[in-house]
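Results of the structural survey
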Amino acid sequence: MILEFVVIAFIVFIINYLINYVHMKKNDALISNKALLFIQKKYKLKLDDKKIDALSKIIIIDNTLIISIAIELILRWNINYFVLAGVSFVLFIVLIIISYNLIGYILNKKGW
């Protein structure tokens, strides 16, 4: 059961990462990413081009991880559709807030 969970989450992670990374590179949207701007402004990070590229990749991996965890958990629950939509919305918001603040805190402590 746990192995099945890990395998499906890993497959969703890889597919989502490839789609996000190719899409972001193709549209050159790495600099205008709202998550990047949120982390940069909240934690007052001084970013140059190399740091922006690194932080963008971290955010892509983080977003992919959030989506794969949430999708895997939602697929496991057998509940009403409307309850599922509400729970998934709350789950996404909580995971995004926790992960972006954790990334910003860690980068701030590293001296970015």
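Quick notes on the rules
Residues numbered from 1 in each chain as written. Predicted model: local features only at pLDDT ≥ 70, side-chain atom pairs only at ≥ 80, totals over all residues. Heavy atoms only, no water. Helix = DSSP H or I, 4+ residues; strand = E, 2+ residues; numbered from the N terminus. Contact = heavy atoms within 4.5 Å. Patch = residues over 30% accessible without salt bridge, like charges linked within 9 Å, V, L, I, M, F, W, Y side chains within 5 Å. Areas by Shrake-Rupley, 256 points an atom, 1.4 Å probe, with all protein chains shown as cover. Salt bridge = Lys/Arg side-chain N within 4 Å of Asp/Glu carboxyl O. Core = buried A, V, L, I, M, F, W, Y, C linked by side-chain atoms within 4.5 Å. Buried < 20%, exposed > 50% of the residue type's maximum accessible area, 1.4 Å probe, protein only. Arc of directions from axis to C-beta. Phe/Tyr/Trp six-rings, centres within 6.5 Å; stacked < 30°, edge-to-face > 60°. pLDDT = per-residue confidence, 0-100. Expected span 1.5 Å × (residues − 1).

Quick word on the environment of Gly104
Along the chain, Gly104 falls in helix H4 (residues 81-110). Spatially, the C-alpha atom of Gly104 lies 7.6 Å from that of Gln40, the residues being 64 residues apart in sequence. Excluding residues within four positions of it along the chain, Gly104 makes contact with Ile39 and Tyr43.

Looking at a nonpolar patch on the surface
On the surface, Leu3, Val7, Phe10, Ile11, Ile14, Ile15, Leu18 and Ile19 cluster together to form a nonpolar patch covering roughly 780 Å² of accessible area. Relative to the elements of secondary structure, Ile19 occurs in helix H1 (residues 2-27).

Brief notes about the nonpolar core
Side chains of a nonpolar character, in soluble globular proteins, are inclined to be buried together. Among the nonpolar cores identified, the biggest contains twelve residues, and these are Ala35, Leu36, Ile39, Tyr43, Leu45, Leu47, Ile52, Leu55, Ile59, Tyr100, Ile103 and Leu107. Setting aside anything within four residues of it in sequence, one finds Leu55 in contact with Leu36, Leu47, Ile103, Leu107 and Trp112.

Here we look at helix H2 (residues 34-42)
Buried residues of H2: Ala35, Leu36 and Ile39, and no others. Buried positions in H2, seen along its axis, are confined to an arc of 100° and lie on one side of it. H2 presents Lys34 and Lys41 as exposed residues on the side facing more than 90 degrees away from its buried surface. Those residues of H2 that are buried are in contact with helix H3 (49-76) and H4. Count one or two residues on from H2 and you reach Lys44, which has phi positive near 50°.

Concerning the packing of aromatic side chains
Given two aromatic rings, their pairing is described by the distance between the two centres and the angle made by the two planes. The final tally for this structure, using the stated rule, is two aromatic pairs. Between Phe38 and Tyr100 the ring centres are 6.4 Å apart and the planes differ by 45°, which places this aromatic pair in the tilted class. One end of the pair, Phe38, is in helix H2; the other, Tyr100, is in helix H4, and 62 residues separate them in sequence. An angle of 70° between the planes, with centres 5.6 Å apart, marks the rings of Tyr81 and Phe82 as edge-to-face. Judged by its relative accessible area of 61%, Tyr81 is exposed.

Regarding the confidence of the model for the protein
On average, residues of the protein score 82 in pLDDT, and 91% of them reach the 70 mark or higher. For the protein, H1 is the element with the lowest average pLDDT, namely 76, and H4 is the one with the highest, namely 90.

Notes on the environment of Phe5
Checked against the element boundaries, Phe5 lands in helix H1. For the pair Phe5 and Ala54, spaced 49 residues apart in sequence, the C-alpha separation works out to 29 Å. Those residues in contact with Phe5, other than ones at most four positions away along the chain, are Glu72, Leu73 and Arg76.

Topic: H3
When the terminal C-alpha atoms of H3 are compared, their 41 Å separation across 28 residues agrees well with the 40 Å that a helix rising 1.5 Å per residue should span. Taken residue by residue, H3 has Ile52, Leu55, Ser56, Ile59, Ile60, Asp62, Thr64, Ile66, Ser68, Ala70, Glu72 and Ile74 as its buried positions.

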